[in-house]
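In case you want the letters, here they are:
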Amino acid sequence: MKKPMLLLTLLLCSANGLADDDARGIVRAAIDHWRGLSSYTEMTMVIHRPDWERTMTMRAWTQGQDQSLVRIIEPRKDRGNGTLIDDNNMWSYSPKVNRVIKVPSSMMNQSWMGSDFSNKDIAKVDDIVDEYEHTLLSTEVVDGETVYEVQSVPNEDAAVVWGKEVMLISENHIVLEHDFYDQDGELVQQLRTLEVAEMGGRVVAKRQRMNDVATPDEWTEVKVNSVDYEVQIADNMFTLSNLRNPRD
């Protein structure tokens with residue numbers, strides 16, 4: 001899966017509506033709704049474990065479907081750490097070693113920033129649109145709002161680890177739940193939207209939590225503090241030079 005999200009990454013260009021029988025369109029619209037044509041987001045990520053908890057404040061920029069930059073601004077010891085995604089390529093930068101590292105395909109399933117999100121979760125959000133077959137399992141009205149249940153099964157040649165994914169997506173394009181199943185059909189990982197709010201002129205998932213089913217007391221939560229859409233972004237934003245030497 002390519003870039004959210006969250007959220008983070010998550011964390012994508014607005015569609016004009018949902019067709020009840022167009023499961024792929026429902027998924028595409030949800031992804032596009034979150035990113036917009038371009039966006040600037042300030043967010044907080046909390047990594048929780050039974051014996052410790054870590055909080056980071058981040059800034060993120062996106063443009064189109066292929067470019068994004070995430071930079072940590074707090075805590076001070078992690079300030080300047082960043083992740084750049086440009087056309088399916090992913091790089092990370094650590095000011096402690098003053099080195100930009102391209103993330104190889106062999107590391108895409110590893111943890112991103114020590115969280116419950118993988119590098120692939122951040123860099124490959126859009127893969128679910130084109131590398132999966134989508135089926136609309138059900139349509140239900142909840143609190144006056146239509147909610148679509150979509151099952152997504154990867155194509156045989158798709159380079160993914162999941163056997164299937166199931167999402168609950170509201171009519172206003174918010175992913176309310178996202179379940180990840182292994183090749184044996186067992187539920188392994190869950191993403192839940194805990195809070196929805198109007199931000200940046202649209203209704204978005206303000207707070208989401210990711211965790212493994214086997215370890216429910218270990219989770220990562222991402223909270224959007226502010227977001228602006230259709231923003232003007234400098235030409236040099238998504239470059240290795242800016243990743244190393246921020247000029248934003």
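Since we're looking at a predicted model, the values are computed, not measured.

Chemist: Run through the overall build of the chain, naming residues and quoting values.
Modeler: A count of helical and extended segments in the chain gives four helices and 13 strands. Residue burial in the chain is summarised as follows: out of 248 residues, 50% are buried. Split by element, the accessible area of the chain, about 11,500 Å² in all, is 45% carbon and sulfur. The positive charge centre, built from 26 side chains, and the negative charge centre, built from 42, are 11 Å apart in the chain.

Chemist: Can you tell me about the pairing of strand 12 (residues 202-212), naming the residues and giving the values?
Modeler: Across ten bridges, the pairing between strand 11 (residues 187-199) and strand 12 is antiparallel. Bridging across to strand 12, E195 finds its partner in R207. Taking the residues between adjacent antiparallel strands as the criterion, strand 11 and strand 12 are bridged by two residues, where G200 takes a positive phi near 65°. The pairing of strand 12 with strand 13 (residues 219-229) spans five bridges and is antiparallel. Residue R207 lies in a different strand from strand 13, and its bridge partner there is K223. In this structure, the hairpin formed by strand 12 and strand 13 is closed by a connection of six residues.

Chemist: Describe the pairing of strand 11, with residues and values.
Modeler: Bridge count between strand 10 (residues 175-181) and strand 11: five bridges; the pairing is antiparallel. Bridge pairing in strand 11 links Y181 to L187. Linking strand 10 back to strand 11 in an antiparallel pair, the connection comprises five residues, with G185 at a positive phi of about 80°.

Chemist: Please give an account of the packing of aromatic side chains that cites residues and values.
Modeler: Tallied over the entire structure, the rule returns two aromatic pairs. Summarising the aromatic geometry, the rings of Y40 and W61 are spaced 5.3 Å apart at their centres and angled 45° between planes, so their arrangement reads as tilted. Residue Y40 is located in strand 1 (residues 38-49), and its partner W61 is located in strand 2 (residues 52-63); the two are separated by 21 residues in the primary sequence. Residue class for Y40 comes out buried when judged on its relative accessible area of 18%. Since its relative accessible area comes to 8%, W61 is described here as buried. With 5.2 Å between their ring centres and 45° between their planes, W162 and F180 make a pair best called tilted. With a gap of 18 residues between them, W162 in the loop between strand 8 (145-154) and strand 9 (164-170) and F180 in strand 10 connect regions that are remote in the sequence. Take W162: its relative accessible area is 14%, and that puts it in the buried class.

Thresholds, definitions, all that
- Residues numbered from 1 in each chain as written.
- Predicted model: local features only at pLDDT ≥ 70, side-chain atom pairs only at ≥ 80, totals over all residues.
- Heavy atoms only, no water.
- Helix = DSSP H or I, 4+ residues; strand = E, 2+ residues; numbered from the N terminus.
- Buried < 20%, exposed > 50% of the residue type's maximum accessible area, 1.4 Å probe, protein only.
- Areas by Shrake-Rupley, 256 points an atom, 1.4 Å probe, with all protein chains shown as cover.
- Lys, Arg positive; Asp, Glu negative; His and termini not counted.
- Charge placed at Lys NZ, Arg CZ, Asp CG, Glu CD.
- Pairing = 2+ DSSP bridges.
- Phe/Tyr/Trp six-rings, centres within 6.5 Å; stacked < 30°, edge-to-face > 60°.

Remember, this is a structural readout, not a statement about activity or role.
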